[in-house]
Each structure stands twice: as structure tokens, then as C-alpha cells.
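# Inside the fold
Here is what each chain is made of, one letter per residue.
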Amino acid sequence: MPINNRIAAFQDDMTAWRRDIHAHPELGFEEKRTSDIVATKLAEFGIAVHRGLGGTGVVGTLTGLGTDSGRTIGLRADMDALPMPEANDFDHASRHAGRMHACGHDGHTAMLLGAARYLAETRNFDGTVHFIFQPAEEGLGGAKRMIDDGLFQQFDCEQVYGLHNWPELPAGRIAVHPGPVMAAANQFEIHVTGHGAHAAMPHRGIDPVLVSAHIVTAAQSLVSRGTNPAESAVVSITVVEAGTAANVIPDSARMRGTMRTFSEENHSRIQEQFGRLVTSIAEGLGATAELRFRPGYPATVNSEPEARIAAAAAAKVVGEENVVWAPDPTMAAEDFGYMLKERPGAYIWLGHGAHLGSSCRLHNPHYDFNDAILTTGASYWASLVETILPRSA
């Protein structure tokens, strides 16, 4: 099912929905206006609407015209914006200072609404589709909140699928990974305690800045010497805070950073080794130090059978030559990983096209979603449903 006339006819409507949402961005768990729009549209399409999961989450449920195979799948779009200013001056730029749709969730929402409208009109499938509109993807874990609120108990899904626009990929292409797509992301904080002294008399103190410097350097060995070179991991210390005066050795120092991995094995190993490294370096220099981890998103890992299904559905829309199979994953994170830990499925990258050059990049104050790909995304969703839940001849 390449982009057909029916979905192409929705282009203006999807563009209007998308730009309206872009102009009124809402942060995680505050998406009241956006969820109202979603719920209203789903109801207009004749789709059963359920609200409240994850606070502002919306789930639409639609059964096809087949013989009721009993099969069920979930399709997910995220709705939240980012807490950042927008630098664009077009008519649909953010009307709320300090909030912006800089990651394309406005487009994700519009595409899934377009697919829901098409599927509600045609119902050319056998089974049930749950359209999952999720709040708070940007760092707040809205996917986990929906799951904890009973998402898959109330709306059982054999498989679950997601997508994200990808500016690095030309418009008209779709990338599918048969395994890891995005990394697990965890934040950490290190507290180093030494003993303050006059900077001219360092022998009378224990310098936590020196200890911190050794930890920063040694931490890189966790990846360069502790991780299989065929695998990927990141340990980045991004904040170092200590002292208030140039002539004073402070009592303490604090560091913060992020650790990213694809496998749970590497995550556990690096966390354990990092703790030992921090403690031993501090003790060796006469100080004490404590490493604290704050768990973040799990890795987003596709199950290969569902990834192949997604690739087949994508090929029906953009052609096999435009499906990129098994590209390199990214160390960025995404809370769809929570859903893939609960159900098999696949998360694909939809080519966005760098039509605006560097300003097209995600989380950029000049970013805007490429409306030309709205029909591609909606067509992919429709193709996926009709591929997984075909009607009997």
C-alpha cells in the first residue's frame, strides 16, 4: 500500500493538526489540550476513546471488519514538547515562551491520528488496534507511567510499535533495526569529600579537585579497556563543581554525568566497576567518595521477527530500496524501551530529510517537523496494521 489517494487527501488536515499542536506545546504530564484534541478526533472517527492512563494519556481502540481473529496490536505516538525556547518566526511557532516541539512529537501525533482516521474509514483488517498516545517521553518516563497504570492489562497487545522522525535520514526512507535501536540512559552523581586548606599550603589538606580529576580520567577506561570493542557504551562526566575561591582548596567536589549502554550485562558491569573505581581512587588519595546512580530509560531493543514485519510494511509504502536495514543504533535514549520490555515489537526511524540544513536537527531551537512526510508516516502505520492483521480473502 503505497501512499494512496485516501491518505494523501488527509495531507491538509494532518498539517493543520500538526501545526496547531506545534503552536501550543505542552510539557510532560501537562498535555491536557493536546490530549483533548486527540480524544476529540478519535471520537469523530468513530473510535472508542479511553483517557487517564499516565495522567494525560489517550488510548483509542478500533476493531476491523474481518472475522475477529482476536489478534491485537498497539501503535504508539508521543505528545509532549521540550522546555526550551523556539527561535522560529513562522505563523505556527510556539505561543508559549520556554516551550517548544523541537523533537517532532507534534508530527508523530498527527501521523497516528491520520492513520486512525484511514483505518476507521476502511477497517480493512482482522483484529483490534490500540492507538496509544503517550505523555511525557522527554525524560519523565510517560511510557512506564502508562504501563504502571495498567496499559497492557486493559489493552492487551500481542505486539507494540513506535516510530520517530529522523533528520539524518532522507525523506522517503525508513530505517529498521533487528535489535538495539537506542541506548539505555542512566545519570550518576559522585560526591568526593576531602579536607579544605589554603591553596598555598596543599600539604595540609586533601584536595577533592585532584581526586575528581583522577576519577574523570580513569572513568574512560570503563569503556576503552573494560568493554568489548565490538559493543558500544558511553561514560560521560559532564559536570564538575568545586570551590568558591582561587586560593582555597575546598572540602568537597561534586560530579555528574551519564552512562549509556545497549545491553543489561554491560550496564551492570560498568556500574559495579565504576563504583569500585571511584572508591579506590579516593581512598588512595586520602579522600572518600560515593557514586550514586539514578536509573533512566532502558535500551530500546527491537525483536527481530517484528522488525522484519515492520520492514515489510515499510517496503510497501516506500519501496524495498528505501528501507534501510540494520543501520548503526544511536546512544540517545527513548522511553519506548519500557514498552518493548513488556511486549515484542519494533521502533523505526522515519526519514525526515535535512531540508532545513543543520536547523532541522532534533532538540534545535530552529527545528520544525517536515509536513511532507505526514502521509508517509500515516501510510506506514496503515500498512503495518493491514500486514499484521490481514482480512481473509
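By the naming in an unreviewed UniProt entry, the protein chain is Peptidase M20, taken from Azospirillum palustre.

The next thing to look at is the overall build of the protein chain. The number of helices and strands found in the protein chain is 12 helices and 16 strands. Expressed along its principal axes, the backbone C-alpha trace of the protein chain runs to roughly 85 × 45 × 40 Å. Counting only residues that meet the buried cut, the protein chain has 54% of its 393 residues in that class. In the protein chain, once contacts between residues fewer than 6 apart in sequence are set aside, the share between residues at least 24 apart is 80%. Carbon and sulfur atoms make up 50% of the accessible area of the protein chain, which totals about 16,200 Å². Within the protein chain, one finds 31 positive and 45 negative side-chain charges whose respective centroids are separated by 1 Å.

Attention now moves to the sheet that holds strand S2 (residues 58-63). Strand order in the open sheet made by the 8 strands is S1-S2-S4-S3-S5-S16-S6-S15, with mixed pairing throughout. The two strands at the open ends of the sheet, each matched to only one other strand, are strand S1 (48-51) and strand S15 (323-325). This sheet shows a mean twist of 25° between the axes of neighbouring strands, independent of strand direction. On top of the sheet, helix H10 (residues 304-318) reaches strand S5 (159-166), strand S6 (174-176), S15 and strand S16 (345-351); it is set at about 155° to S15, its chief contact.

At Ala 136, a residue that is not glycine, the phi angle is positive and equals roughly 55°. The phi dihedral of His 363 is positive, around 60°, even though this residue is not glycine. In this fold, His 363 is placed in the loop between S16 and helix H12 (374-388). Its relative accessible area of 40% is what places His 363 among the partly exposed residues.

Below, the discussion takes up the sheet that holds strand S12 (residues 252-261). As a general point, the strands of a sheet are linked pairwise by backbone hydrogen bonds and lie either parallel or antiparallel. Taken in spatial order, the 4 strands make up an open sheet running S10-S12-S8-S13, and their pairing is antiparallel. The open sheet is flanked by strand S10 (233-242) and strand S13 (288-294), the only strands paired with a single partner. Averaged over all pairs of adjacent strands, the angle between strand axes in this sheet comes to 20°, irrespective of strand direction. The pairing of strand S8 (residues 184-193) with S12 spans 10 bridges and is classified as antiparallel. Note that in S12 the partner of Ala 185 across the bridge is Arg 260.

Relative to the helices and strands, Glu 334 resides in the loop between S15 and helix H11 (336-342). Taking the relative accessible area as the measure of exposure, Glu 334 reaches 1% and is therefore buried. One polar contact links the side chain of Glu 334 to the main-chain amide nitrogen of Phe 336, over a distance of 2.9 Å. Here Tyr 347 takes part through its side chain, which lies 2.8 Å from a polar atom of the side chain of Glu 334.

Per the UniProt record, "binding site: Mn(2+)" (unreviewed entry) is found at Cys 103, His 105, Glu 138, His 164 and His 363. Sequence-wise these annotated residues cover 261 residues; spatially they are packed, their C-alpha atoms never more than 13.1 Å apart. Checked against the lining of the largest pocket, the annotated residues just named reduce to Cys 103, His 105, Glu 138, His 164 and His 363. The topology assignment puts Cys 103 in the loop between strand S3 (72-78) and helix H4 (105-122). Among the residues examined, Cys 103 registers a relative accessible area of 7% and is labelled buried. For Cys 103, the contacting residues outside a window of four places in its chain are Leu 82, His 108, Glu 138, His 164, Asn 165, Leu 362, His 363 and Tyr 367.

Ranked by internal contacts, the top residues of the largest apolar core, which has 61 residues, are Leu 42, Leu 75, Phe 131, Phe 133, Tyr 161, Tyr 380 and Trp 381. Among the elements that take part in this core, H4 stands out by supplying 9 residues, more than any other. Within the second largest apolar cluster, 23 residues are counted, among which are Ala 143, Leu 151, Trp 166 and Met 182.

A volume near 670 Å³ is recorded for the largest pocket. Lining the largest pocket we find 30 residues, and of these Gly 139, Ala 185, Arg 260, Tyr 297 and Ala 333 sit closest to its centre. Those elements giving two or more residues to the lining of the largest pocket turn out to be S5, S8 and S12. Here the residues of the lining of the largest pocket are counted per class, giving 12 nonpolar, 11 polar and 7 charged.

Side chains that are three or four residues apart share a direction in an α-helix, a result of its 3.6 residues per turn. Its 15 residues place the ends of H10 20 Å apart at the C-alpha level, agreeing with the 21 Å of an ideal helix rising 1.5 Å per residue. Listed as buried for H10 are Glu 306, Ala 307, Ala 310, Ala 311, Ala 313, Ala 314, Ala 315, Val 317 and Val 318. In the core, the buried residues of H10 are packed alongside S5, S6, S15, S16 and H12. Once H10 ends, the next one or two residues include Gly 319, with phi positive near 90°.

Below, the discussion takes up the UniProt feature "domain: Peptidase M20 dimerisation" (unreviewed entry) in the protein chain. Mapped onto this numbering, the UniProt entry gives "domain: Peptidase M20 dimerisation" (unreviewed entry) at residues 187-280. For the annotated span residues 187-280, helix accounts for 35% and strand for 33% of the residues, and the straight-line distance between the end C-alpha atoms is 21 Å.

A separate point is the pattern of salt bridges. Counted by the stated rule, this structure contains 25 salt bridges. Between Asp 148 and Lys 144 there is a salt bridge; the shortest N-O distance is 2.9 Å. Pair noted here: Asp 148 and Lys 144 are both in helix H5 (residues 142-148), with a separation of 4 residues, about one helical turn. The partly exposed category is assigned to Lys 144, whose relative accessible area is 37%. Measuring nitrogen to oxygen at the nearest pair gives 3.2 Å for the salt bridge that ties Glu 189 to Arg 254.

How each quantity is defined
- Residues numbered from 1 in each chain as written.
- Predicted model: local features only at pLDDT ≥ 70, side-chain atom pairs only at ≥ 80, totals over all residues.
- Heavy atoms only, no water.
- Helix = DSSP H or I, 4+ residues; strand = E, 2+ residues; numbered from the N terminus.
- Buried < 20%, exposed > 50% of the residue type's maximum accessible area, 1.4 Å probe, protein only.
- Contact = heavy atoms within 4.5 Å.
- Areas by Shrake-Rupley, 256 points an atom, 1.4 Å probe, with all protein chains shown as cover.
- Lys, Arg positive; Asp, Glu negative; His and termini not counted.
- Charge placed at Lys NZ, Arg CZ, Asp CG, Glu CD.
- Pairing = 2+ DSSP bridges.
- Axes fitted to C-alpha atoms, helices over the stretch in contact; angles between N-to-C directions.
- Polar contact = N/O pair within 3.5 Å; in protein donor to acceptor, adjacent residues only side chain to side chain.
- UniProt positions renumbered as here; feature names shortened; annotations may be inferred.
- 1 Å grid on protein atoms, 1.4 Å probe; cavity = no way out; pocket = protein on both sides within 12 Å on 5 of 7 lines; lining within 4 Å.
- Core = buried A, V, L, I, M, F, W, Y, C linked by side-chain atoms within 4.5 Å.
- Points joined across faces, edges and corners; volume = space filled by probe spheres on them.
- Nonpolar A, V, L, I, M, F, W, Y, C, P; charged D, E, K, R; others polar.
- Expected span 1.5 Å × (residues − 1).
- Salt bridge = Lys/Arg side-chain N within 4 Å of Asp/Glu carboxyl O.

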